[in-house]
Amino acid sequence: MANMSLHKVPMPTRPPEVRSGDFLEVTTGYTAEQAVEEAGRCLQCKNKPCTGGCPVQVDIPAFIAEVAKGDFAAAYAVISRTSSLPAVCGRVCPQETQCESRCVRGVKGEPVAIGRLERFVADWYNEQVQNTAAHPIHNGHRAAVIGSGPAGLACAGDLLRMGYDVTMFEALHLAGGVLVYGIPEFRLPKAIVQQEICRLQALGLHLETNAVIGRVMSIDELMEQQGFETVFIGTGAGLPRFMGIPGENLGGVYSANEFLTRVNLMKAYLPESATPIHCGKRVVVVGGGNVAMDAARCALRLGAEQVSVVYRRSAEELPARAEEVEHAIEEGVVFRFLSNPVEIVANGHRCVAGVRCVEMELGEADASGRRRPVVKANSDFLIDADTVIMAIGTSPNPLIKTTTEGLDTRSFGGIVTDETGATSRPGVFAGGDAVTGAATVILAMGAGKTAAAAMDKYMRQK
Amino acid sequence: MFEIIQKEILCSQVVRMIVKAPRIAAKAQAGQFVILRVSEDGERIPLTVADYDRANGTITIIFQTVGATTLALSRLEAGECLQDMVGPLGRATETENLKKIAVIGGGVGTAIAYPVAKKLHEQGAQVHCIVGFRNRDLVILQDEFAAVSDRLIALTDDGSFGEKGLVTDALRHLIEAGETYDEVIAIGPLPMMKYVSLLTKEYHIKTVVSMNPVMIDGTGMCGGCRLTVGGQTRFACVDGPEFDGHQVDFDEALERSRLYREQERHAYERACNLFGQEVR
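Residues numbered from 1 in each chain as written. Chains lettered and ligands numbered in written order. Predicted model: local features only at pLDDT ≥ 70, side-chain atom pairs only at ≥ 80, totals over all residues. Heavy atoms only, no water.

Draft legend 1. View of the state of the cysteines. Under the counting rule described, the total for this entry stands at zero disulfides over all chains. Considering cysteine sulfurs only, A:Cys54 is the nearest to A:Cys99, which forms no disulfide, with 6.5 Å between them. Classification of A:Cys99 by relative accessible area gives buried; the value is 8%. Distance from the sulfur of B:Cys129, which forms no disulfide, to the nearest cysteine sulfur (B:Cys11) is 18 Å. We classify B:Cys129 as buried; its relative accessible area is 1%. (Disulfide = S-S within 2.5 Å. Buried < 20%, exposed > 50% of the residue type's maximum accessible area, 1.4 Å probe, protein only.)

Following this line, the structure appears as structure tokens:
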């Protein structure tokens, strides 16, 4: 008989007043007992609606059945058949719009806590099991992966397991892409990312950091001179957008990318880090996605007394994961909905003094299906601030496009691919945010895996 | 990786290093830069490529010890390695079709101006170099400049070496004396580049400046290096580092460069204590 509780087993979470003062992980994860109890809520539907909601098609009822039996190793084996980064996805996937949104238990009550169970299984495995993966037998074919974020890691993982000789190029000094420069430690501990990368290195991955493809080598050189038969472009969407309003270049205005990179990659929150950060007492974050939540919560942890998130739509339209919004509110982040900045006001030293906003109201639905915000007349107001963080989105970096002849891109900069990830250049594949524009970790992983399969086919046929 | 092959103290605060970096050396061009880290917890700092040797797979960097990271870098010796180095980043200097150019260097900026002057000289252009320093103790690269200049004017603020005065005085003097230039290239402290640009605007001479703002990744990802150029926001790392001096908002760049002044000062003092060195 299934556990018929209408509610998920609550996630053990550190109290807001404690966690908002440090960068340790907010949620501490299920215990084995809690995991088994939650797994008991799964009805083991034969048609597996949840799996249909997963971009990498994890066999969710099968792994949960193993958790319910207490066979966590078997559960991990099920997940890892299709997912390369379960410890990451269990933490950062927007489950409420994917697997959990299709869960039958969610019709009446809360859905099964699929994300929490995935995280539990991955963490259990990482703690219990030494890496025993056998080095696959090389098939003698070489592939290059550009970018070491979720798309690149997933693509490289699959290619390595198929026996390919894979070299991964990363522009920064540390691999992991957005998982290390973007998502903060308190949401995704960097040790987990490092463990996943070490696992790929144990499979034979060659990792080259400090290598900006497009500058130090072009894709043509990789293929013609370096002997790579296929190339996967997983360079993400790293180019920050600004609003184009007056005052955006004042001192104290950051892109979320810069603010988060200083905090996460460069560890500006640690006293031993040499990288400075300027975080004032009153911080305004512009935007409503996960990146905005991350920036706002980092600012709190750096000692800001008042952190406001300014979002031009209402609470219902917030694109951030529900859990991140809840955690942000618990920690004291204030939301200014239906507000849009029109100017960043300077003090006498060309630094930020405040943000002038206008109130918005929701009009007709736009192309995205969301109601378009419209400015209310004479509704100006000022929020005092000494730091402003722009988290309004990112675009794909043009470096690869401008240095690779014959690589077709869309007007926003995304690389054109077919459904297998193949680009307009034979042997060159792409996936993740570099193709779609800013999206999620799991969609990027899915694209990386799809491309790996197509690259395998391409190299076999050659 | 990134072994220091040779180290030379050019003057009390300025160091030249030749570093093994074959991939970067194979691609580097005048005007481009690298980003390096000295240690695992170190910050990423951009430095312009002062020279490169494709055959030996090395690049040259020249830097002034102005903060904690450059101080730590200056303490490394030949045989030791840098933690990281990435590049070449940014766009190369455009020197095509230039026949007669004034190259202006200020302080350690002369180290960046030198490869540009050399490249112009090698392509047969007539090169007038004006280099300025605070005082004689800070003068560098005089022989190198002499070898590539058709005319070389050195100045110091206090007259302790060369002429007494500012590079703008010397440039105005040359222009007033009837010299005409296809272009002026000015590389040095922000105020120097600002005043050179104001001067050349009067005479309608195209002027290129090399911006060196605060930067993290160097690939267009953080936007920390953004500047206003001709009313548009541009990123120094990917759109530059060289820009039209008549279009750059120098006052904004100056304020942005001061954002971390206090934190940098503290870090520098800590580093000085660590290395048992006098705080300047």
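Draft legend 2. Representation of the sheet that holds strand β10 (residues 163–164) of chain B within the structure. Residue and element names in this part refer to chain B. Pairing in this open sheet of seven strands is mixed, and the strands run β10-β9-β8-β7-β11-β12-β15 from one edge to the other. Only two strands of the sheet have a single neighbouring strand rather than two, namely β10 and β15 (242–244). Judged from the six bridges that link them, strand β8 (residues 126–133) and strand β9 (residues 151–156) form a sheet pairing that is parallel. Across the sheet, the residue bridging to Phe133 is Thr156, located in β9. In the packing of helix α3 (residues 110–122) onto the sheet, contacts are made with β7 (100–106), β8 and β11 (183–187), and the angle to β7 comes to roughly 165°. (Pairing = 2+ DSSP bridges. Helix = DSSP H or I, 4+ residues; strand = E, 2+ residues; numbered from the N terminus. Contact = heavy atoms within 4.5 Å. Axes fitted to C-alpha atoms, helices over the stretch in contact; angles between N-to-C directions.)

Draft legend 3. Fine view of the packing of aromatic side chains. All chains considered together, the criterion is met by eleven aromatic pairs over all chains. Aromatic side chains A:Phe242 and B:Phe235 sit 6.4 Å apart centroid to centroid with 90° between the ring planes, which places their arrangement in the edge-to-face category. Taken as a pair, A:Phe242 in the loop between β5 (239–240) and β6 (253–255) and B:Phe235 in strand β14 (residues 232–235) lie in two separate chains rather than in one. Each member of the aromatic cluster is reached from another via a ring pair, and the members are A:Phe23, A:Phe186 and A:Tyr269. Across the ring face of A:Phe186, the terminal group of A:Arg301 is positioned such that the distance to the ring centre comes to 3.8 Å. (Phe/Tyr/Trp six-rings, centres within 6.5 Å; stacked < 30°, edge-to-face > 60°. Lys NZ or Arg CZ within 6 Å of the ring centre and 35° of its normal.)

Draft legend 4. Inspection of the nonpolar core at higher detail. Core analysis: the largest hydrophobic core is formed by 77 residues, its most contacted members being A:Ile60, A:Phe63, A:Ile64, A:Val67, A:Leu117 and A:Leu159. Counting only domains with at least three residues in this core, you end up with domain 1 (16–128) and domain 2 (142–238 + 395–461) of chain A. Core analysis: the next-biggest nonpolar cluster, separate from the first, contains 38 residues, B:Phe33, B:Leu89, B:Ala186 and B:Val209 among them. (Core = buried A, V, L, I, M, F, W, Y, C linked by side-chain atoms within 4.5 Å. Domains from an automatic or database assignment.)

Draft legend 5. The arrangement of the packing of helix α8 (residues 150–161) of chain A against helix α17 (residues 441–461) of chain A in detail. Residue and element names in this part refer to chain A. Relative orientation of the contacting elements α8 and α17 amounts to 35°, with a least axis distance of 7 Å. In this structure, α8 meets α17 at a crossing whose hand is right-handed. Seen from α8, the contacting residues are Pro150, Ala151, Ala154, Cys155, Asp158 and Leu159; seen from α17, they are Val441, Ala444, Met445, Gly448, Lys449, Ala452, Met455 and Met459. Looking at the contact of α8 with α17, its residues break down into eleven nonpolar, one polar and two charged. (Left-handed = near helix turned anticlockwise from the far one by under 90°. Nonpolar A, V, L, I, M, F, W, Y, C, P; charged D, E, K, R; others polar.)

Draft legend 6. The interface of chain B and chain A, seen in detail. Facing 40 residues of chain B, the contacting portion of chain A comprises 42 residues. Of the roughly 3,400 Å² buried between chain B and chain A, counting both surfaces, carbon and sulfur atoms make up 53%. Connecting chain B to chain A are three salt bridges. A salt bridge links B:Arg23 to A:Glu208; the nearest nitrogen and oxygen atoms lie 2.7 Å apart. Between the two partners, chain B and chain A, sit 21 residue pairs in polar contact (both at pLDDT 80 or more). (Buried area = accessible area lost by both parts, 1.4 Å probe. Salt bridge = Lys/Arg side-chain N within 4 Å of Asp/Glu carboxyl O. Polar contact = N/O pair within 3.5 Å; in protein donor to acceptor, adjacent residues only side chain to side chain.)

Draft legend 7. Just the domain arrangement of chain A, in detail. All names here are of chain A. According to the domain assignment, chain A contains domain 1 (16–128), domain 2 (142–238 + 395–461) and domain 3 (242–392). Each of domain 1 and domain 3 has a C-alpha centre, and the two are 31 Å apart. For the pair domain 1 and domain 3, the summed buried area comes to about 1,100 Å², and 53% of that belongs to carbon and sulfur atoms. For domain 1, the biggest contributors to the area lost against domain 3 are Arg19, Ser20 and Phe23; these three give 50% of the whole. The interface formed by domain 1 and domain 3 holds two salt bridges in total. Across the salt bridge formed by Arg19 and Glu331, the nearest N and O atoms sit 2.6 Å from each other. For the pair domain 1 and domain 3, the number of links is nine residue pairs in polar contact (both at pLDDT 80 or more). Of all the elements in the fold, those that place two or more residues in the side of domain 1 that touches domain 3 are α1 (16–19) and α6 (86–92).

Draft legend 8. Just the pairing of strand β2 (residues 14–20) of chain B, in detail. Residue and element names in this part refer to chain B. Here β2 lies mainly inside the structure; six of its seven residues are buried. Bridging between strand β1 (residues 4–11) and β2 involves six bridges; their strand directions are antiparallel. Bridge pairing links Glu8 to Arg16 in β2. If you look at the hairpin formed by β1 and β2, you'll find two residues sitting between the two strands. Where β2 lies against strand β5 (residues 58–64), seven bridges are found, and the strand directions are antiparallel. From the neighbouring strand, Val14 faces β5, where its bridge partner is Gln64.

Draft legend 9. Broad picture of the environment of B:Asp51. All names here are of chain B. Here Asp51 lies in strand β4 (residues 45–53). Along the chain, Asp51 and Leu120 lie 69 residues apart, while their C-alpha atoms are 14 Å from each other. The contact partners of Asp51, leaving out residues within four places of it in the chain, are Ile59, Thr60 and Lys118. A polar side-chain atom of Asp51 sits 3.4 Å from a polar atom in the side chain of Lys118.

Draft legend 10. Quick look at the sheet that holds β1(B). Residues and elements named next belong to chain B. One open sheet accounts for six strands, arranged β1-β2-β5-β4-β3-β6; its pairing is antiparallel. Only two strands of the sheet have a single neighbouring strand rather than two, namely β1 and β6 (84–89). Neighbour to neighbour, the strand axes of the sheet diverge by 30° on average, direction disregarded. Each of β4 and β5 is contacted by α3, which is oriented at about 35° to β4, the strand it contacts most.

Draft legend 11. Region of the structure containing a nonpolar patch on the surface. Where nonpolar side chains cluster on the molecular surface, the patch consists of A:Met4, A:Leu43, A:Val104 and A:Val107 and spans about 380 Å² of accessible area. Residue classification places A:Val104 among the partly exposed positions, given a relative accessible area of 39%. (Patch = residues over 30% accessible without salt bridge, like charges linked within 9 Å, V, L, I, M, F, W, Y side chains within 5 Å. Areas by Shrake-Rupley, 256 points an atom, 1.4 Å probe, with all protein chains shown as cover.)

Draft legend 12. Spatial organisation of the pattern of salt bridges. Residue and element names in this part refer to chain A. A complete count under the given rule lists 46 salt bridges over all chains for this structure. Across the pair Asp123 and Arg119 runs a salt bridge whose closest N-O atoms are separated by 3.3 Å. Separated by four residues within a single helix, Asp123 and Arg119 lie in helix α7 (residues 114–128), roughly one turn from each other. The exposure classification of Asp123 matches that of Arg119, with both residues buried. Between Asp384 and Arg282 there is a salt bridge whose closest N-O contact spans 3.9 Å. You can see Asp384 sitting in strand β13 (residues 381–384) and its partner Arg282 sitting in strand β7 (residues 282–286), a full 102 residues away along the chain. Residue Asp384 is classed as partly exposed on the basis of its relative accessible area of 41%. For Arg282, a relative accessible area of 31% translates into the label partly exposed. Look at the salt bridges and you will find they share partners, linking Arg19, Arg187, Asp294, Arg297, Arg301, Arg321, Glu323, Glu324, Glu330 and Glu331 into a network.

Draft legend 13. Main features of helix α14 (residues 322–331) of chain A. Residues and elements named next belong to chain A. Looking only at α14, the buried set comprises Glu324, Val325, His327, Ala328 and Glu331. Viewed along the axis of α14, the buried residues span an arc of 165°, placing them on a single side of the element. Immediately beyond the C-terminal end of α14, within one or two residues, lies Gly332, with a positive phi of roughly 110°. (Arc of directions from axis to C-beta.)

Draft legend 14. Examining the environment of A:Ile79 more closely. Residue and element names in this part refer to chain A. Counting through the fold element by element, Ile79 comes out in helix α5 (residues 72–80). On the basis of relative accessibility, which here comes to 0%, the residue Ile79 falls in the buried class. Along the sequence, Ile79 and Lys267 sit 188 residues apart, while their C-alpha atoms lie 32 Å from each other. Once residues lying within four places of it in the same chain are set aside, the contact partners of Ile79 are Val58, Phe63, Pro86, Glu118 and Val121.

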